[in-house]
Amino acid sequence: MSDASIRRPRLARDLPCAVLVGGVLSIVLGISLFFANRGIAELQQARKRVAELHSDISRLQTENARLRSEIDSVRKSTYAVERIAREELGMSKKGEVIYLLPKKQ
């Protein structure tokens, strides 16, 4: 007998290897599809959180600018100090009469 009659055809030799590779790829694809939806949802939540944080940063920067302006005003003017003392602390100068009105409910 010759070597040619003992050998199997090439397709028959490569078939088990191809089935194994196909099975592994199918399993990997199935797992990735299973976890893909969760990953996308987490990504969307993370993007939403980032947008909220950018909004908070913008709001806080505006508030900081307002407070810095108020600090500069207090440092430069006695009028600002008097206004704060009167409006926020309820203070008055000697001899002044303060009328307090009830707050609306």
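Caption draft 1: Spatial organisation of the overall build of the chain. When you go through the chain residue by residue, the secondary structure sums to three helices and zero strands. When the helices and strands of the chain are read in sequence order from the N terminus, they spell out α-α-α. Per-residue burial over the chain gives 3% buried out of 105 residues. Of the roughly 10,300 Å² of accessible surface on the chain, 62% is carried by carbon and sulfur atoms.

Caption draft 2: Inspection of the pattern of salt bridges at higher detail. As enumerated under the stated definition, the model contains five salt bridges in all. In this structure, glutamate 52 engages arginine 49 in a salt bridge whose closest nitrogen and oxygen atoms are separated by 3.7 Å. Placement of the pair is glutamate 52 and arginine 49 together in helix 2 (residues 10-76), with a separation of three residues, close to one helical turn. We note a salt bridge from glutamate 63 to arginine 66, for which the minimum N-O separation is 2.7 Å. Taken together, the positions of glutamate 63 and arginine 66, both in helix 2 and three residues apart, correspond to about one turn of that helix.

Caption draft 3: Broad picture of the environment of isoleucine 71. Relative to the assigned elements, isoleucine 71 resides in helix 2. Take isoleucine 71: its relative accessible area is 43%, and that puts it in the partly exposed class. With 10 residues separating them in the primary sequence, isoleucine 71 and valine 81 have C-alpha atoms 9.9 Å apart.

Caption draft 4: Highlighting helix 3 (residues 78-87). For helix 3, every residue scored as buried is listed here: Ala80, Ile84 and Ala85. The arc that holds every buried residue of helix 3, seen down its axis, measures 135°, which confines them to one face. Exposed and facing more than 90 degrees away from the buried side of helix 3 are Thr78, Tyr79 and Glu87.

Caption draft 5: Quick look at the confidence of the model for the chain. Confidence in the prediction of the chain, expressed as mean pLDDT, is 80, and 83% of residues score 70 or more. Ranking the helices and strands of the chain by mean pLDDT puts helix 2 first, with 84, and helix 1 (residues 3-6) last, with 55.

Criteria and thresholds
- Residues numbered from 1 in each chain as written.
- Predicted model: local features only at pLDDT ≥ 70, side-chain atom pairs only at ≥ 80, totals over all residues.
- Heavy atoms only, no water.
- Helix = DSSP H or I, 4+ residues; strand = E, 2+ residues; numbered from the N terminus.
- Buried < 20%, exposed > 50% of the residue type's maximum accessible area, 1.4 Å probe, protein only.
- Areas by Shrake-Rupley, 256 points an atom, 1.4 Å probe, with all protein chains shown as cover.
- Salt bridge = Lys/Arg side-chain N within 4 Å of Asp/Glu carboxyl O.
- Arc of directions from axis to C-beta.
- pLDDT = per-residue confidence, 0-100.

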